[in-house]
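# Per-entry structural report
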Amino acid sequence: MAAGDRIWKNARLLTMAEGATELGLIEDGVLAARNGRIAYVGPQSSLLAELAGFEPVDCEGRLVTPGLVDCHTHLVHAGDRAQEFEMRLAGASYEEIARAGGGIVSSVTQLRAATESELVRQTLPRLDALLAEGVTTVEVKSGYGLAIADELKMLRAARLLAAERSVSVATSYLGAHATPADYKGRNGDFIRDVVLPGLEQAHEQGLVDAVDGFCEGMAFSPNEMRQVFDLARSLGLPVKLHADQLSNLGGARLAAEYGALSADHLEYTDDAGAAAMARAGTIAVILPGAFYFIRETKKPPIELFRKHGTKMALATDNNPGTSPLTSLLLTMNMGATLFGMTVEECLAGVTREAARALGRQAEIGTLEAGKWADLAIWNVARPAELVYRMGFNPLHQRVWHGEPAS
């Protein structure tokens, strides 16, 4: 029997399999893992004899779901922006905060001053908060360096997180996040001098799994993002996009045109954008933390996504400026209470659909044979409790690649 050969018995398995009724719930279920991958999932009565001798784990009737997936974070950053939060509460405008050195300028300054090891040290507590709620896979973006060396530093720090904890880390190159002060008014030059060569270097060094960008009036236009996506395509890298958060520049349609893994935020996405995403298989990543924190009033068009069959994921968008959120459980509650998402949509949004948003649906996101045995075992009686509670963590145990993990 190899390491990772275990069998979880007496479990209520929430498989989250595509098309399954009741979230794929299997009462009195059994899940067996061989070499860290699921070898069997189903009723006790159908368990293969060859698996019966694996190391047993009695779940004592607990609910078992796929390990949670946080598919959109800016987890690697330096310092915080609590001071500007306090200034906003006191009535300061965005411009006043910016003049005082706040906003993304503050994050860039702090990031550039931090060493790679300091970034890892500062990020681990945020990562640990996610892991404590059953997260087994997390996406981490660059985007606060805005210089080639610092963007690469962020990506290296993100890769190092997986060496420090039992977690899978997907990295996204977000060089086209904002234009730094020394390139103000010269987006084209910044893309040519920094974003594109930075992407090439990140790819050469094996630091990037996907390419992201911020398509918005205050960031980059669709035509500017095309340059980045064209290079990503030539390098064989999938793309994602911060789209339609503050206005509708056609970001959702642009993402769909490039077959993007996901388009994220989407508050201003229209019918054509939702339909294009559905046709392309581009996941709509809903980010209620940012909506709440910046006091947005325009909600993402959940009904349009349902109408067109656009699949939806949920994520924390953890970042120091607009979503200092490190709880996927609270994210699910926000998705339900703020946007009217159902329990099934919320749970699928942090498992199956979040895996799709990372292009990892063949490996994680559901409890099915052949996938990694990434599990979250919960002290709850029914799935709705995972969405219903606020500030309460019912996790009993997290399992990553078949191994119990703290």
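Residues numbered from 1 in each chain as written. Predicted model: local features only at pLDDT ≥ 70, side-chain atom pairs only at ≥ 80, totals over all residues. Heavy atoms only, no water.

Spelled out, the test is: UniProt positions are given in the numbering used here, feature names are shortened, and annotations may be inferred rather than shown by experiment.
Per an unreviewed UniProt entry, the chain goes by Imidazolonepropionase and derives from Rhizobium deserti. Under the heading Catalytic activity (unreviewed entry), UniProt records this for the chain: "4-imidazolone-5-propanoate + H2O = N-formimidoyl-L-glutamate". Word for word, the UniProt comment on the chain under Function (unreviewed entry) is "Catalyzes the hydrolytic cleavage of the carbon-nitrogen bond in imidazolone-5-propanoate to yield N-formimidoyl-L-glutamate. It is the third step in the universal histidine degradation pathway."

### Quick word on the domain arrangement of the chain
Threshold: As used throughout, domain bounds are those supplied by an automatic or database domain assignment. Two residues form a contact once any of their heavy atoms are found within 4.5 Å. Buried area: the accessible area, evaluated with a 1.4 Å probe, that two parts lose upon being put together, summed over both parts. Basic side-chain nitrogens of Lys or Arg form a salt bridge, by our definition, when they fall within 4 Å of a carboxyl oxygen of Asp or Glu. Two N or O atoms count as a polar contact when they lie within 3.5 Å, although within protein this holds only if one can serve as hydrogen donor and the other as acceptor, and sequence-adjacent residues are included solely when both atoms are side-chain atoms.
Here the chain is described as being made up of domain 1 (6–66 + 366–405) and domain 2 (68–358). The C-alpha centroid of domain 2 is placed 30 Å from the C-alpha centroid of domain 1. If you look at the interface, domain 1 gives 28 residues, while domain 2 gives 26 residues. Taken together, the two surfaces of domain 1 and domain 2 that pack against each other cover about 2,000 Å², and 62% of this comes from carbon and sulfur. Our count for the contact surface shared by domain 1 and domain 2 stands at three salt bridges. We note a salt bridge from Arg356 to Glu18, for which the minimum N-O separation is 2.6 Å. At the junction of domain 1 and domain 2, the tally comes to eleven residue pairs in polar contact (both at pLDDT 80 or more).

### Section: the sheet that holds strand β12 (residues 283–286)
Here is the rule we go by: By this definition, two strands are paired if DSSP reports at least two bridges between them. Numbering goes from the N terminus for both helices and strands, where a helix is a DSSP run of H or I of at least four residues and a strand is a run of E of at least two. Between the N-to-C directions of two axes lies an angle of 0 to 180 degrees, each axis being a line fitted to C-alpha atoms and, for a helix, fitted only over the stretch in contact.
Pairing is parallel across the open sheet formed by eight strands, whose spatial order is β6-β7-β8-β9-β10-β11-β12-β13. Each edge of the sheet is formed by a strand with only one pairing partner; in this case those strands are β6 (68–70) and β13 (312–314). Here the average twist between neighbouring strands, direction ignored, is 25°. In terms of strand pairing, strand β9 (residues 210–215) meets strand β10 (residues 240–243) through two bridges, oriented parallel. Looking at β10, one finds that Cys215 is bridged to Ala243. In this fold helix α5 (residues 148–164) packs onto β7 (135–141) and β8 (168–176), with an angle of close to 170° to the strand it touches most, β8.

### Here we look at the packing of aromatic side chains
Inclusion rule: Whether two aromatic rings pair depends on their centres lying within 6.5 Å, for rings of Phe, Tyr and Trp, where Trp uses its six-membered ring; planes under 30 degrees apart make the pair stacked, over 60 edge-to-face, and the rest tilted. The rule is simple: take the accessible area with a 1.4 Å probe, protein chains only, and divide by the maximum for that residue type; under 20% is buried, over 50% is exposed, in between is partly exposed. Consider the ring centre and the ring normal. A charge sits over the ring if Lys NZ or Arg CZ is within 6 Å of that centre and within 35 degrees of that normal.
In total, this model carries five aromatic pairs according to the counting rule given. Ring plane angle 20° and centroid distance 5.2 Å describe the contact between Phe85 and Phe293, whose orientation is recorded as stacked. Of the two residues, Phe85 is situated in helix α1 (residues 82–89) and Phe293 in helix α10 (residues 288–293); the sequence distance between them amounts to 208 residues. Judged by relative accessible area, Phe293 falls into the buried class, the value being 18%. Ring centres 4.9 Å apart and planes at 80° place the aromatic pair Phe291 and Phe339 in the edge-to-face group. You can see Phe291 sitting in helix α10 and its partner Phe339 sitting in helix α12 (residues 328–339), a full 48 residues away along the chain. In this structure, Phe291 and Phe339 share a single accessibility class: buried. The structure contains a cluster of three or more aromatic residues connected by ring pairs, namely Tyr183, Phe190 and Phe220. Geometry around Trp372 places Arg37 over its ring, the cationic atom sitting 3.9 Å from the centre.

### Here's the deal with the side chain of Thr282
Checked against the element boundaries, Thr282 lands in the loop between α9 (271–280) and β12. On the accessibility criterion, Thr282 (1% relative accessible area) is buried. A distance of 2.8 Å separates a polar atom in the side chain of Thr282 from the backbone oxygen of Ala260. Contact partners of Thr282, with chain neighbours within four places excluded, come to Ala255, Ala256, Gly259, Ala260, Leu261, Ser262, Ala263, Met277 and Thr310.

### Things to note about the pattern of salt bridges
On inspection of all chains with the given rule, the structure shows 30 salt bridges. The residue Asp209 makes a salt bridge to Arg360 at a minimum N-O spacing of 3.6 Å. With Asp209 in the loop between α6 (187–204) and β9 and Arg360 in the loop between α14 (352–357) and β14 (375–378), the pair connects residues that are 151 residues apart, well separated along the chain. Two residues, Arg253 and Asp270, come together in a salt bridge whose shortest N-O distance is 3.2 Å. Here Asp270 lies in the loop between β11 (262–265) and α9 and Arg253 lies in helix α8 (residues 251–257), a separation of 17 residues in the sequence. Take Asp270: its relative accessible area is 27%, and that puts it in the partly exposed class.

### Considerations on the environment of Ile148
By the secondary structure assignment, Ile148 is in helix α5. Separated by 38 residues in sequence, Ile148 and Gln110 have C-alpha atoms that sit 16 Å apart.

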